[in-house]
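Chain by chain, the residues run as shown.
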Amino acid sequence: MNRSAKTLALSISLISGLASTQSLLAAETLLGFDAAGSAAQRALEADFDSRIDAREMEAWLRDLSFEPHHVGSPKGYANAQRLAELFTSWGYATEIAEYEILFPTPKTRELELVSPGSFTASLTEEALDEDPSTSRTQDLLPPYNAFSRDGEVEAELVFVNYGMPADYEVLERHGISVEGKIAIAKYGRSWRGIKPKLAGEKGAIGTLIYSDPLDDGYGQGETYPQGPFKHESAVQRGSVMDMPTYPGDVLTPGIGATPDAVRLDRADAPTITEIPVLPISHKDAMPLLAAMGGDVVPAEWRGGLPITYHMGPGPARVRLKLEFNWTMVTAYNVIARLEGSEFPDEWVIRGNHHDGWNHGAADPISGLVALMAEAKAVGELAQAGNAPARTLIYAAWDAEEPGLIGSTEWVEHHAAELSEHAVAYLNTDGNSRGFINIGGSHTLEKLMGGVTADVIDPQTGVSVDARRRAMLTLEGSNARIKNEAKNRAQLRISPLGSGSDYTPFLQHLGIASINIAFGGEAQDGSYHTLYDTYEHYLKFRDPGLYYGVALAQVAGRATLRIANAQRLPFEFAGLTDNIALYLSEIEALTDALRSGTEDTNSLIDAGTYDLALDPTKNLGAPSSNQPVPYFNFARLHNALTRLDAAATAYEGKVDQPASAEVNRLLYSSERLLTRGHGLAGRPWFKHHLYAPGFYTGYGVKTLPGVRESIEQLQFDAVDEQIVIAAQMIEELAARVEDLSR
Ligand SMILES: [Zn+2]
């Protein structure tokens, strides 16, 4: 019995007890509304729900994913035009915001085994009779990693497992270096861009990344088209731009990529890789791996291919040649605006990208069709006299796949007005059936708890909150998570790292953000391959789009509650509790480093959220040979104590009406968690509570200034980072004290 079947069976046995809690919640007033306001809002939401149509969403899904539609493609432009027409027809003031961006596409891709023997990699995905979409490939970009540099290299291979810091420690213990070699890494466990970044730092001259069948191919289940898992020829495309330094157009950091923007020379762009990197299928990887020698890999490094895995170096020697067309293309963001009836200067922004690496049915169209259904329903409600109180902006971003480019350029271009007017940003991306998964700013945790208690899971008939609680009660990765699933008033939402379009809003401007997706019951291997098609999606990911409807209900409710609340639904007790958790993790990490006896790997971010659902957690902790000083965490504890008292006092205010000035102080409170100077070495990232890890890429680092200086053994920097973080919490505490008066 696989994980998902087991979870479902156990979930159903548990949910009856939780269902009664959920119906109690539904009777309460909504956060930010009085009793009459709550009743009106609930009636509006029922009307909203009745307008969400799964069959219409399915038709949009088919249309928008009919052909490959990456940025710069004819279908990408046609989709932007189609979206603009639809938003306009639903009553929105719609524009297409264009940016001129650097977008490399492959010109030459060659990979061969030079010795022993010979083999030339096909670097091609196979069309399948069972899936007609896989034959519509006129504009398909072949498998590649965008923002790899050009290069031709020939060297012996070294197998580096997932290419994480801890993997290089193992290689070192075996006396193996990648200096002057080509690293071959498995996809998974980290964001892909970290693999060439780290290999390059260790002296490798090239990197290959392949998908091992043990991770998402025949080692997991039936492969496509018989099942959802990875076809032997499938290759995961994806960007390797150094997004932890800055995302967006590589030539225009910090400013919008308008036609007249001042641009870097490509040679000076710091986010293009140092060494060439190419993704390949396991079918192409197998002859290379089979020709390797040297030590046999540790048991936990073994994959699912029918070979003995060796670490090398060599004797397998390969030649890799990559050349790209470094062309400028136009990114088309579709921006649709509905003016608020009471507070037009307060903006609630809801976005999902529209570009895909290929047909992109799951990523991103499955999320986009939920956004479209929401926008259509909201437009109809407005025409019937129920316009939102605040201004709503629906955005369909272009060029997300190569590096969050469309959203980042729009945010940078409009930074001043967004800083002034943006109340919150709500993001979705891909979606599939399973459990609700929410990440975001913890000032919105309570709002999201209320929303997820009010939306019914299509498969089990209990709320999506109750269903997630049932799963975590059984499968939470530690005792605290299991206990909280039963007893905490709201489920914790995950802190956000990076990986989708919320990054510029949250981490560059300090706009409170939320990311929403269902998933966990439809594992598959289609991500960024030729096989992410309408056919695959409807057969394996979300037949009937029941979870597409549920996504529209969750995201639509959250958007409308923020848009209509009498007092904006931010609160601070949950935030305080989460920061306290992060601080305790950092202290535990420090103690473990100092004692040198604990497994620090298990402590990094331990308990932040469900490890089983996050593939980025296997960050190797540095093994410390240098003495670890005692740091002065007292100032952080004192700041948190003050914030805790203020947050508790503020709870007496949440159901009282608020002036426009109070609402402004509420939504701008997230800005207090940013610093103009940004994080050390990466000034684009301004947020000092949430950041993508410098060595995890997508994986979040909370209190990143403090945490990363400890993890990276830069002990001299720690006390200064503690002061920055404490000052920021003190400023927030002062704000909440003002709000509580
Ligand atoms: Zn996506």
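Residues numbered from 1 in each chain as written. Predicted model: local features only at pLDDT ≥ 70, side-chain atom pairs only at ≥ 80, totals over all residues. Heavy atoms only, no water.

A. Spatial organisation of the coordination of the zinc ion. Around the zinc ion, the protein supplies His-353 (NE2), Asp-363 (OD), Asp-429 (OD) and Asp-429 (OD) as donor atoms, at distances of 2.0 to 2.5 Å. Read N to C, the donor residues that coordinate the zinc ion are spaced as H-x9-D-x65-D. Note that Asp-363 is positioned in helix α9 (residues 361-383) and Asp-429 in the loop between β12 (422-427) and β13 (434-440), a separation of 66 residues in sequence. You'll find Asp-363 and Asp-429 in the same group, each marked buried. (Donors = N, O, S within 2.8 Å, 3.2 Å for Na, K, Ca; no water. Helix = DSSP H or I, 4+ residues; strand = E, 2+ residues; numbered from the N terminus. Buried < 20%, exposed > 50% of the residue type's maximum accessible area, 1.4 Å probe, protein only.)

B. Geometry of the confidence of the model for the protein. The share of residues in the protein with pLDDT of 70 or more is 92%, and the mean pLDDT across the chain is 92. A low-confidence stretch, residues 1-10 (pLDDT under 50), is modelled with 18 contacts involving residues beyond four sequence positions or located in other chains. Low pLDDT, under 50, characterises residues 15-26; the stretch is placed with 16 contacts to residues that sit more than four places away or in other chains. (pLDDT = per-residue confidence, 0-100. Contact = heavy atoms within 4.5 Å.)

C. Local environment of the domain arrangement of the protein. Under the domain assignment, the protein is made up of domain 1 (3-101 + 328-451 + 496-564), domain 2 (104-325) and domain 3 (573-740). Computed from C-alpha atoms alone, the centre-to-centre distance between domain 2 and domain 3 is 33 Å. (Domains from an automatic or database assignment.)

D. Just the side chain of Asn-358, in detail. Mapping Asn-358 onto the fold places it in the loop between β10 (343-353) and α9. The buried category is assigned to Asn-358, whose relative accessible area is 1%. Here Asn-358 is in contact with Glu-67, Pro-68, His-69, Leu-140, Arg-237, His-528, Thr-529, Leu-530 and Asp-532, once residues within four sequence places are set aside.

E. Representation of unusual backbone geometry in the model. Backbone torsion omega between Ser-115 and Pro-116 reads -5°, so that peptide bond is classified as cis. A cis geometry characterises the amide bond from Tyr-224 onward to Pro-225, with omega recorded as 10°. Positionally, Pro-225 belongs in the loop between α7 (213-216) and β7 (238-239). For His-528, which is not glycine, the phi dihedral falls at a positive 60°. Locating His-528 in the fold gives a position in the loop between β14 (513-520) and α16 (534-541).

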